[in-house]
Amino acid sequence: MNEKLKENIKESLSSVLPITVIVLILSVTLLPLETGTVALFLVGAVLLIVGMGLFQLGAEMSMTPLGQSVGGQLMKSRRLLPLVLVCFFMGSIITIAEPDLQVLSNQVAAIPNQVLIWTVAVGVGIFLAIAVLRILFHVSLSKMLIGFYLLVFVLSFFSPSSFTAVAFDAGGVTTGPITVPFIMALGVGLSAARSDPDAVEDSFGLMALCSVGPVMMVLLLGVFYNPTDAVYAATVVPAVVTTRDVVREFVVAIPQYAGEVLTSILPVVGVLAVFQLVTRTYRRRQLLRMGIGFLYTILGLILFLTGVNVGFAPVGSLLGSGLADSSLRWVLVPIGVVVGYYIVKAEPAVQVLNEQVEEITEGAVSRRMMNTALSIGVACAVALSMVRVLTGLNIYWLLIPGYAAALLLSRKVPQVFVGIAFDSGGVASGTMTSSFLLPLAIGACTAVGGNVVTDAFGIVALVAMAPLIAIQVMGLVYAHKSKTAAPPVPPVLDEEMVDFEEEL
């Protein structure tokens with residue numbers, strides 16, 4: 001087996017194992033589950049582990065080098081109109097293919113699926129072009145984010161109040177396993193072509209701005225489509241008795257998710273084909289390697305989505321409804337803390353981001369630091385979401401102070417942490433959030449008789465918001481430690497020490 005694949009699968013195992021153990025403990029103690037349901041969950045966990053390992057390896061071999069090459073080539077051209085048009089097209093076409101967006105669009109019944117998908121895609125396309133222009137013209141990311149989020153909150157007051165959570169959720173799910181590797185690599189390629197001292201800082205921030213676009217566009221859409229009739233199709237747990245029944249459930253589901261994944265990947269392969277025809281950048285051996293990478297990506301995503309949707313989603317819904325329907329419903333809050341702490345590590349896009357952060361910052365911001373900060377932030381977000389489900393607390397009471405704190409911090413921390421934080425917010429709210437945490441919240445909301453649209457929706461938005469604060473707080477700590485660290489040895493003194501050591 002490929003050594004890199006082994007390493008990725010080990011990382012996936014360490015990420016998924018804790019959440020698997022938590023669910024098993026709950027099934028034995030607070031909420032007994034049927035044996036067939038537990039078997040579905042365990043098989044889903046195995047598929048998720050293998051799928052995540054294959055996906056990470058495939059993204060590293062295919063989408064990352066493609067994004068970097070496209071970004072570098074765009075920066076070299078320096079022709080604004082083609083650059084803007086190409087970025088708009090790529091952002092739109094890749095977003096249309098995002099699996100997480102398909103999941104969300106199925107839940108908002110008042111808006112036709114294609115209308116919602118195209119609205120979000122246009123938002124990402126516009127803001128990807130804006131993000132690239134920001135890199136080109138060295139515009140401050142924090143100032144842009146403050147301006148755009150102020151506009152978003154003003155706009156939200158003109159949209160139906162019941163639509164706010166759905167709009168912010170749309171911004172979270174857009175940046176999923178397809179868009180993140182490509183757009184992150186695009187930013188690296190764009191900034192690398194600049195080769196100036198601020199290039200590293202500007203390589204982050206594309207995902208941050210691309211998450212704003214969908215929120216703004218969906219809020220505008222809310223003015224024309226009243227979502228009060230939106231419903232969520234409750235997750236149905238299949239009746240399984242034997243191991244053959246368990247296997248059949250996954251085998252039957254694989255073609256559906258294979259079709260979704262192929263539809264998602266084909267636009268990216270099309271970008272590679274057009275890019276190669278125009279620029280002749282890659283040699284035959286590089287194209288072969290990238291082709292194998294795309295195969296790994298496709299296979300990994302098929303296994304991952306099948307495992308999550310068939311094995312994890314039904315259990316999430318059962319846990320939510322079962323715990324909320326009992327006298328111990330408030331136990332959902334501490335359970336949410338534990339689940340949130342571990343579940344973010346199982347997001348494939350998070351691991352892609354963390355690896356790129358560690359590489360670009362040359363280890364100054366390690367994957368371990370990123371994972372810890374993200375886990376703490378998401379744990380708090382899921383706990384607050386469970387409080388909302390149980391009390392019906394309006395999401396504005398959390399979003400407005402949360403984003404206000406994040407935007408204020410963006411003026412105090414090193415700019416590289418601003419980009420990393422807002423990019424992290426986009427990637428943390430991925431497939432696991434929409435396929436496990438959202439059913440958990442909806443199951444609990446249904447059990448307590450709450451409003452699904454206003455109380456359960458919004459968990460993705462809070463998960464996306466939490467890393468903005470957590471990573472920037474980490475940036476404050478990092479900046480403080482850097483100031484209090486021992487001063488560096490002056491160059492002249494350093495040369496004298498070298499000469500002295502040579503004499504000795």
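Residues numbered from 1 in each chain as written. Predicted model: local features only at pLDDT ≥ 70, side-chain atom pairs only at ≥ 80, totals over all residues. Heavy atoms only, no water.

Attention shifts here to helix H1 (residues 3–28). Here H1 is 26 residues long and its end C-alpha atoms lie 37 Å apart, about the 38 Å a rise of 1.5 Å per residue gives. The axis of H1 is deflected most strongly, by about 30 degrees, at Val16, and proline Pro18 appears within four residues downstream. All buried positions along H1 are accounted for by Leu5, Asn8, Ser12, Ser15, Val16, Ile19, Thr20, Ile22, Val23, Leu26 and Ser27. Packing partners of the buried residues in H1 comprise helix H2 (35–61), helix H13 (284–324), helix H14 (332–343), helix H15 (348–360) and helix H19 (431–448). (Helix = DSSP H or I, 4+ residues; strand = E, 2+ residues; numbered from the N terminus. Expected span 1.5 Å × (residues − 1). Bend = angle between axes of the 7 residues up to and from the residue. Buried < 20%, exposed > 50% of the residue type's maximum accessible area, 1.4 Å probe, protein only. Contact = heavy atoms within 4.5 Å.)

On to the pattern of salt bridges, then. A complete count under the given rule lists four salt bridges for this structure. Across the pair Lys4 and Glu60 runs a salt bridge, and its minimum N-O distance is 3.8 Å. With Lys4 in helix H1 and Glu60 in helix H2, this residue pair connects regions lying 56 residues apart in the sequence. The exposure class of Lys4 is partly exposed, given its relative accessible area of 23%. Among the ionic pairs, Glu358 bridges to Arg367, the shortest N-O distance being 3.2 Å. Residue Glu358 is classed as partly exposed on the basis of its relative accessible area of 25%. (Salt bridge = Lys/Arg side-chain N within 4 Å of Asp/Glu carboxyl O.)

According to the stated counting rule, one finds 11 aromatic pairs in the structure shown. Measuring from ring centre to ring centre gives 4.9 Å for Phe127 and Phe148, while their planes differ by 65 degrees; the resulting arrangement is edge-to-face. Placement of the pair is Phe127 in helix H6 (residues 113–137) and Phe148 in helix H7 (residues 141–156), with a sequence separation of 21 residues. Exposure class is identical for Phe127 and Phe148. Each is buried. The interplanar angle of 35 degrees and the centroid separation of 5.6 Å between the aromatic rings of Phe153 and Phe168 together place this pair among those described as tilted. Taken together, the residues Phe153 in helix H7 and Phe168 in helix H8 (residues 164–174) connect sequence positions 15 residues apart. In this pair, the class of Phe153 matches that of Phe168, namely buried. Through a chain of ring-to-ring contacts, the aromatic side chains of Tyr149, Phe153, Phe168, Tyr403 and Phe422 assemble into a single cluster. (Phe/Tyr/Trp six-rings, centres within 6.5 Å; stacked < 30°, edge-to-face > 60°.)

Now for the packing of H6 against helix H11 (residues 206–224). In contact at an axis separation of 7 Å, H6 and H11 are set at 140 degrees when each is read in the N-to-C sense. Taken together, the axes of H6 and H11 are oblique relative to one another. Pair H6 / H11 crosses with right-handed handedness. Counting all contacts with H6, which are made through Val115, Leu116, Thr119, Val120, Val122, Gly123, Val124, Phe127, Leu128, Ala131, Arg134 and Ile135, the residues of H11 involved are Leu206, Leu209, Cys210, Val212, Gly213, Pro214, Met216, Met217, Val218 and Leu221. Of the residues assigned to the contact of H6 with H11, the class counts are 18 nonpolar, three polar and one charged. (Axes fitted to C-alpha atoms, helices over the stretch in contact; angles between N-to-C directions. Parallel < 35°, antiparallel > 145°, perpendicular 65-115°, else oblique. Left-handed = near helix turned anticlockwise from the far one by under 90°. Nonpolar A, V, L, I, M, F, W, Y, C, P; charged D, E, K, R; others polar.)

Before going further, it helps to spend a moment on the side chain of Thr306. Relative to the assigned elements, Thr306 resides in helix H13. Look past the residues within four positions of Thr306 in its chain and what remains in contact with it is Leu47, Phe250, Ala253, Ile254, Tyr257 and Gly311.

As a further point, take the packing of H1 against H14. One way to put it is that H1 packs onto H14 with a least axis distance of 8 Å and a crossing angle of 155 degrees. As far as their axial angle goes, H14 and H1 are roughly antiparallel. Where H1 approaches H14, its residues Ser15, Pro18, Ile19, Ile22 and Leu26 are matched on the opposing element by Ile335, Val338, Val339 and Tyr342. Broken down by class, the residue content of the contact of H1 with H14 amounts to eight nonpolar, one polar and no charged.

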